[in-house]
Amino acid sequence: MPSDQSTWLIAVPQDGDSEGLFQELAPKLASQAKLPLRDLAQLPIPSFKVGRLQPPILPLRRLMVQGQTGTLDSLIGLSEDLTKLDGTFTATVAKAVDTLRNLLNNDPAKLAQNVLVDERPVDSYIMSEWRWNESRYPVQRSLRELVDGLTEEMTSIDNALKNKVTNYNQVKGSLTQMQRKKTGNLSVRSLVDLVTVDDFVQDSEYLETVLVAVPKNLIKEWLNSYERLTAMVVPRSAKELLADDEFALYSVVIFKRIHDDFVQKCRERKFIVRDFVFSEEDMERERQELETTNATERELWTDLLQSARINFSESYQLLVHIKVIRLFVESVLRYGLPSHYIGVAIKPDPKTAKKVFNVLQAQFAYLGPRSNPAHKRAPKKSNAPTEDFVGEYQSVLDQEFFDFVMYEVPWIVY
């Protein structure tokens, strides 16, 4: 049973009129499974070049029995590659969605406005007269060339998005760190814009002003002891500048020569000396750095949002194209040539997905003798070559098979 959280792409041999099959299937799905017509669409499958395979050709199961494997090696190898690529393509699409979701703070409404394919909702891309993009992927090329081209495009999209996400995260991390310094308590937050030049002794050869964050429960102890923490502390020089819920920030004047000793004594009493030297130039530089980083983050956010939108649209189209190639390759292996197959796309309702699947099984049960179901295995023979063959293509034999070919496009955007 396929997932009820995906769009089903189905292929069967074109034994007759494709329009006739669709017209026959649609009312059955509507009456027996309550599937709306909008959730059912034709999916044209091109007749790709299959390399050195020439008709007539037997289905894979019968070729296994007869040990005729040579002409199918390349196609089965491609099928195995496509299985891996399908997962890679799906993961790349999911990364684009996750990027958009993170940029939009997990807002479903905003996500729906940005997760589009060619500026259309995702559903309508497949369910509204989907066509193979012949201008970008000519079907005259070999299957291997088409797959390699699609893979190259997807890899480029994935790498480009990774680079943009990395750049954005670096700037976002720097901005977050800067902002955190402005929002913490007085023991850690930036003091830029909190103190002024009047809070400091200026241009003195011997004296300096030190800023100390004192826990509120130690303020009385601080006031009673700061003058005696070390020698050469200016009496009655402590002045409260600011306070928050946890700390009070005091300035105190000391002689420069005892700075390190004073810091050590404060540490022993759990008074936190802030490493801060008043400088108009440094403060202005910090303000400018924050403004520049904030502006850069906004620019990169906008650029990444636009890139993720484009990358999603492109990667989703590539994913559907690779699925269609999988449908074709599996159909050739299952049913043989000539390579004329009918495709159908279905978006099942989770509540009625089982009924939809049952209708499909009944509709295409006639394909059973021609298909290659998982429970049918090539008969064992005593000769070693046949045993080696079965082992080589065990992954093909172990797949879950229906009488029709089906692959799924997961609803990764929800």
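For the structure itself, consult the block above.
Rules used in this analysis
- Each chain has its residues counted from 1, following the order in which its sequence is written.
- Given that this is a predicted model, residues contribute local features only at a pLDDT of at least 70 and side-chain atom pairs are listed and counted only at 80 or more, while totals for whole chains, interfaces and linings are drawn from all residues.
- Just so you know, side-chain values use all the structure's heavy atoms and leave hydrogens and water out.
- Exposed residues in this analysis have more than 50% of their type's maximum accessible area, buried residues have under 20%, and partly exposed residues fall in between, with area computed by a 1.4 Å probe over protein chains only.
- A run of H or I in DSSP counts as a helix once it spans at least four residues, and a run of E counts as a strand once it spans at least two, with each numbered from the N terminus.
- As used here, the arc is the angular range of directions from the helix axis to the C-beta atoms.
- Note on contacts: a residue pair qualifies if any of its non-hydrogen atoms lie within 4.5 Å across the two residues.
- With a 1 Å grid laid over protein atoms only, a set of points is called a cavity when a 1.4 Å probe fits there but cannot get out and a pocket when it is open yet has protein on both sides within 12 Å along at least five of seven lines; lining residues have an atom within 4 Å of a point.
- Grid points are joined across faces, edges and corners, and a volume is the space filled by probe spheres set on the points.
- Each residue is assigned to one class: nonpolar for Ala, Val, Leu, Ile, Met, Phe, Trp, Tyr, Cys and Pro, charged for Asp, Glu, Lys and Arg, and polar for all the others, Gly among them.
- Expected span, for any helix, means 1.5 Å times one less than how many residues it has.
- Two strands qualify as a pair provided that DSSP identifies no fewer than 2 bridges between them.
- Here the axes come from fitting lines to C-alpha atoms, over the contacting stretch only for helices, and the angles between their N-to-C directions go from 0 to 180 degrees.
- Roughly parallel covers angles under 35 degrees, roughly antiparallel covers those over 145, roughly perpendicular covers 65 to 115, and oblique covers all other angles.
- Rotating anticlockwise by less than a right angle from the far helix to the near helix defines a left-handed crossing, while the corresponding clockwise rotation defines a right-handed one.
- Here, nonpolar core refers to any group of buried Ala, Val, Leu, Ile, Met, Phe, Trp, Tyr and Cys residues whose side-chain atoms link them within 4.5 Å.

Colleague: Break down helix α8 (residues 259–268) for me, with residues and values.
Modeller: One turn of the α-helix equals 3.6 residues, which is why residues spaced by three or four share an orientation. Residues of α8 that are buried: Phe 262, Val 263 and Cys 266. Down the axis, α8 shows its buried residues gathered within 100° of arc, on one side only. Those residues of α8 that are exposed and aimed more than 90 degrees away from the buried face are Asp 260, Arg 267 and Glu 268. In this fold, the buried residues of α8 make contact with β5 (207–215), α7 (219–225), β7 (247–255) and β8 (272–274). Positive backbone phi, approximately 65°, marks Lys 270, located one or two places after α8.

Colleague: Can you break down empty space enclosed by the protein residue by residue, with the values?
Modeller: The final tally for this structure, using the stated rule, is two cavities of 30 Å³ or more. Considered as a void within the structure, the second largest cavity measures approximately 30 Å³ in volume. Taken together, Asn 133, Arg 136, Tyr 137, Glu 314, Gln 317, Leu 318 and His 321 form the lining of the second largest cavity. In terms of residue class, the lining of the second largest cavity is made up of two nonpolar, three polar and two charged.

Colleague: Account for helix α9 (residues 280–335), naming residues and giving values.
Modeller: Its 56 residues give α9 an end-to-end C-alpha distance of 80 Å, which sits within 8% of 82 Å, the value for a rise of 1.5 Å per residue. Immediately beyond the C-terminal end of α9, within one or two residues, lies Gly 336, with a positive phi of roughly 85°.

Colleague: So what's going on with the sheet that holds β8? Residues and values would help.
Modeller: Read across the sheet, four strands follow the order β6-β7-β5-β8 without closing on themselves; strand pairing throughout is antiparallel. Strands at the two margins of the open sheet, each flanked by one partner only, are β6 (239–243) and β8. For this sheet, the mean angle separating the axes of adjacent strands, direction not counted, is 35°. As paired strands, β5 and β7 are joined by nine bridges and run antiparallel to one another. In the sheet register, Val 214 faces β7, and the bridge partner there is Ala 248.

Colleague: Outline the layout of surface pockets, supporting the account with residue identities and numerical values.
Modeller: Considering only enclosed or pocket space, the largest pocket measures out at about 410 Å³ in volume. If you trace the largest pocket, you find 22 residues lining it, with Glu 208, Thr 209, Phe 276, Val 277 and Phe 278 closest to the centre. Of all the secondary structure elements, the ones that give two or more residues to the lining of the largest pocket are β5, α8 and β8. Residue classes in the lining of the largest pocket are distributed as twelve nonpolar, four polar and six charged.

Colleague: Provide a residue-level description of the pairing of β6, including the pertinent values.
Modeller: Across four bridges, β6 lies against β7 in antiparallel orientation. In the strand pairing of β7, Glu 240 is matched with Tyr 250.

Colleague: Pulling in residues and values, what's your account of the packing of helix α6 (residues 143–183) against α9?
Modeller: At a minimum axis separation of 8 Å, α6 and α9 run at an interaxial angle of 155°. In this view, α6 runs roughly antiparallel relative to α9, as classed from their interaxial angle. Along this stretch, α6 crosses α9, giving a crossing that reads as left-handed. Considering only residue class, the contact of α6 with α9 consists of 23 nonpolar, ten polar and eight charged.

Colleague: I'd like to hear about the sheet that holds strand β1 (residues 6–13), residue by residue, with values.
Modeller: Strand order in this open sheet of four strands is β2-β9-β1-β10, and the pairing throughout is antiparallel. The strands lining the two open edges of the sheet, one partner per strand, are β2 (40–42) and β10 (405–410). Taking the axes of each pair of neighbouring strands and ignoring which way they run, one obtains an average angle of 20° across the sheet. Examined bridge by bridge, β1 and strand β9 (residues 341–346) share six bridges and lie antiparallel to one another. Following the sheet pairing, Trp 8 is matched in β9 by Ile 346.

Colleague: Tell me what's going on with the nonpolar core, and back it up with residues and numbers.
Modeller: Within the largest apolar cluster, 86 residues are counted, with the highest numbers of intra-cluster contacts made by Phe 312, Tyr 316, Ile 325, Ile 346 and Leu 360. Per element, the largest residue contribution to this core is 17 residues, and it comes from α9. Other than its neighbours up to four places away in sequence, Ile 346 contacts Ser 6, Thr 7, Trp 8, Ile 10, Leu 29, Leu 35, Asp 39, Leu 40, Met 127, Val 356 and Leu 360. Among the nonpolar cores identified, the runner-up in size contains 19 residues, and Val 210, Trp 222, Tyr 250 and Val 273 belong to it.

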